[in-house]
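Structure at a glance
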Amino acid sequence: MPALPAAEPPAPPPHGRLWRSPEPRPAYDVLVVGSGGHGLATAYYLAAEHGIADVAVLERGWLAGGNMARNTAIIRSNYLWDASAGIYEHALTLWEGLEDALGRDLHFSQRGVLNLAHSTHDVRESVRRVNANRLNGIDAEWLGPDEVAKLVPILDTGAHTRHPVLGATYQPRAGIADHDLVAWGFAAEADRLGVDLVQGCEVTGFLRSGGKVRGVRTTRGDIAAGAVALCAAGRTSVLTETLGMRLPLQSHPLQALVTPLLEPVLDTVVMSNAVHVYVSQAPKGELVLGAGIDGYNGYGQRGSPRTVEDQIAAAVELYPVFAHAEALRTWAGTVDVAPDASPVIGPTPFEGLYINCGWGTGGYKATPGVGHVLADTVANGRPHPLAEPFGLERFTTGALVDEHGAAAVAH
Amino acid sequence: MLLIPCPWCGPRDEREFRYGGQAHIAYPADPSALGDEAWADYLFMRDNPAGRHAERWFHGSGCRAWCDVERDTVDYTVTGSCTTGAHPAGGPDTGPCTSPYCVRRAVPSTGGTR
Ligand SMILES: Cc1cc2nc3c(=O)[nH]c(=O)nc-3n(C[C@H](O)[C@H](O)[C@H](O)COP(=O)(O)OP(=O)(O)OC[C@H]3O[C@@H](n4cnc5c(N)ncnc54)[C@H](O)[C@@H]3O)c2cc1C
Ligand SMILES: [Zn+2]
Ligand SMILES: [Zn+2]
């Protein structure tokens, strides 16, 4: 869509607030549905890079209270296929400049991520992925058990453990960033550029004329738009259902937990796909442990205790010192999983409607990359080159981007 | 934690089961006649409702049989369970459903969340 001249800059937010909370207007150039990281980043890049600031982000709950507030904040780009390397590495490059771009501290810490291999099959898959990563210019290394032990002394790398550590992939540029600070950073900058952030406004359906989407129905009235971009993560299917559009998504609970504040014992991030546990230690000292998804479909933002039990059992096997820790709090989000563990991004059969979904258990790391690519897609009415392989049509053509190896549990 | 009533074994802990996704998806009657769209639909497209869901569970640590469970995906309440395929979606029943927890019967279910 054509870039319009920038509107008058809005009055700044009230003192002490990061953004205004305006009433939604009856029409916008672009509506973004969902104020998770993806929606906020998309709005920010629409305004910052395409001069499209007549944008509202509509949020049914509170700003970034969905998966964005619930993830374990792991960032990495060491995915297997070229298409994935393209978009995840694009995101990582943007992460590396994001504190400057947003003008604030995001606690972005490139402390490295290890993915453990526990079987000869794991080893082969991991080494293959390291080689594929290198061909794509991604910093990837294969570490033997001794090197792993040096980086993670608390890990039991003994030969007779339940889950022997046969080595690990290592991406030194990977790491974590504070998800709340990231959301608030994008929100504040988008607001400053004129984007309306509207909380407590649930989209319930679409305004249509024939095959075109002309806006949305919301709990606060109808809002017209030139284009609508769905960034509703786990609730995407609920929205597209109102259009009779079927998506290859299943929404699952995904759980995580934290311990109380502990002395520093871990200064990198360690993941294990095989036993579904991954861990980092936050700057304040709490251990953050993520689990695998609960197998069933669920929108309840809660999962089953068995998943947490299994996760803790695996964690204590791998890190015997964790037997001294306590689980302080567990929680869950609702993640939308696609059959090939890759996202769905791009135009839809409905003119004016764009989707971004299927990020499942691992979309936080992509936040700036998705925002950048989706904003470009919406602004130009065609998929950004990095989004092209992730179109909905791949499920018909069969050109899947199978990232189960890189993504299985993965975050 | 889910308490799932197996039609053969009675109410059992979720841990004894494996989830099998949406129920009542029939194998294409004439696969060689299927176009790409229809294959995509059969292989990849699934209902994903926030609410009542007909789904398959496999009682791996019990009778090792599949059953069709009806469950709410928002509050996770299990309404009942039936023998596999007894009540295909949108079609007539294929035969008697012998499940004491049949979703078509007005008996209170012992299944549920706990
Ligand atoms: C426990 C857990 C751990 C995770 N760990 C990692 C990790 O370590 N690394 C990683 O990369 N990823 C991780 N993820 C995945 C990641 O959080 C998601 O892929 C990502 O947050 C999805 O994008 P988002 O931030 O835009 O989603 P969300 O924050 O879920 O945003 C979607 C928003 O849309 C809103 N919405 C939905 N429907 C409507 C509607 N009808 N109207 C208005 N608003 C609506 C929701 O309320 C929500 O705020 C994890 C997820 C969970 C749950
Ligand atoms: Zn049984
Ligand atoms: Zn029945």
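Residues numbered from 1 in each chain as written. Chains lettered and ligands numbered in written order. Predicted model: local features only at pLDDT ≥ 70, side-chain atom pairs only at ≥ 80, totals over all residues. Heavy atoms only, no water.

1. A look at the overall build of chain B
Which entries qualify depends on this criterion: Segments assigned H or I by DSSP are reported as helices when at least four residues long, segments assigned E as strands when at least two residues long, and all are numbered from the N terminus. For this measure, only C-alpha atoms enter the radius of gyration; the expected value for a globule follows 2.2 Å times N^0.38, where N is the number of residues. Any residue under 20% of the maximum accessible area for its type is buried, any over 50% is exposed, and the rest in between are partly exposed; the area is computed with a 1.4 Å probe on protein chains only. Any two residues whose heavy atoms approach within 4.5 Å at even a single point are treated as in contact. Every accessible area reported is derived by Shrake-Rupley at a probe size of 1.4 Å, with residue values counting cover from the shown protein chains alone. Neither His nor the chain ends is counted toward charge; the positive residues are Lys and Arg and the negative residues Asp and Glu. Charge positions are represented by NZ for Lys, CZ for Arg, CG for Asp and CD for Glu.
The helix and strand tally for chain B stands at one helix and seven strands. Secondary structure elements of chain B occur, N-terminal to C-terminal, as β-β-β-α-β-β-β-β. Taken over C-alpha atoms, the radius of gyration comes to 15 Å for chain B, in line with the 13 Å a tight globule of 114 residues would show. Structurally, chain B occupies a C-alpha span of about 45 × 30 × 25 Å along its principal axes. Counting every position in chain B, which comprises 114 residues, the buried fraction comes to 42%. Partitioning the contacts of chain B with sequence separation of at least 6, the portion at a separation of at least 24 is 47%. For chain B, the exposed area adds up to about 5,800 Å²; of that, 53% sits on carbon and sulfur atoms. In chain B, 11 positive and 14 negative side-chain charges are present, and the distance between their average locations comes to 9 Å.

2. Digging into the site of ligand 1
Residues and elements named next belong to chain A. Let me state the cut-off plainly: When at least one non-hydrogen atom of a residue lies within 4 Å of a molecule or strand, that residue is treated as near it. Polar contacts here mean pairs of N or O atoms no more than 3.5 Å apart (in protein, one a potential hydrogen donor and the other a potential acceptor; neighbouring residues in sequence count only if both atoms are side-chain atoms).
As a matter of local geometry, ligand 1 sits amid 39 residues, with E59, M68, T72, G363 and K365 nearest to it. Taking N71, its side chain carries an N or O atom lying 3.3 Å from an oxygen atom of ligand 1. When the free accessible area of ligand 1 is taken as 1,000 Å², the share hidden by the protein chains comes to 97%. At the level of secondary structure, the elements contributing two or more residues to the shell around ligand 1 comprise helix 1 (37-50), helix 2 (67-70), strand 12 (250-261) and strand 16 (329-337).

3. Let's talk about the UniProt feature "domain: Rhodanese" (unreviewed entry) in chain A
This is how the line gets drawn: UniProt positions are given in the numbering used here, feature names are shortened, and annotations may be inferred rather than shown by experiment.
With numbering aligned to this structure, UniProt lists the feature "domain: Rhodanese" (unreviewed entry) at residues 30-74 of chain A. With 40% helix and 20% strand, residues 30-74 of chain A has end C-alpha atoms that lie 30 Å from one another.

4. Topic: the sheet that holds strand 6 (residues 78-83) of chain B
All names here are of chain B. Note the threshold: In this scheme, strands are said to pair when DSSP sees at least two bridges between them. Angular values range over 0 to 180 degrees, each being the angle between N-to-C directions of two axes fitted as lines to C-alpha atoms, with helices fitted over their stretch in contact.
The sheet built from four strands is open, its strands ordered 3-4-5-6 with antiparallel pairing. The open sheet has two free edges, formed respectively by strand 3 (18-22) and strand 6, since each of these has just one partner strand. Averaged over neighbouring strand pairs, the angle between their axes works out to 30 degrees when direction is ignored. Here five bridges tie strand 5 (residues 66-72) to strand 6, and the two strands are oriented antiparallel to one another.

5. Side note on the coordination of the zinc ion (ligand 3)
Residues and elements named next belong to chain B. The line we're drawing: Keep in mind that water is not among the atoms, so a site may look incomplete; donors are the N, O and S atoms within 2.8 Å of the metal, or 3.2 Å for Na, K and Ca. In this scheme the shape depends on donor count and angles: four donors with every angle between 85 and 135 degrees give tetrahedral, four or six donors with opposite pairs above 155 degrees and others between 65 and 115 give square planar or octahedral in turn, and any other case is irregular.
Around the zinc ion (ligand 3), the donor atoms from the protein are C82 (SG), H87 (NE2), C97 (SG) and C102 (SG), and they sit 2.0 to 2.3 Å away. Around the zinc ion (ligand 3), the four donor atoms sit at angles spanning 103 to 113 degrees, and that spread fits a shape best called tetrahedral. Linear spacing of the donor residues for the zinc ion (ligand 3) on their chain is C-x4-H-x9-C-x4-C. A residue is classified by how much of its surface remains accessible, and C97, at 11% relative accessible area, is buried. Of the residues examined, C102 reaches a relative accessible area of 5% and is grouped as buried.

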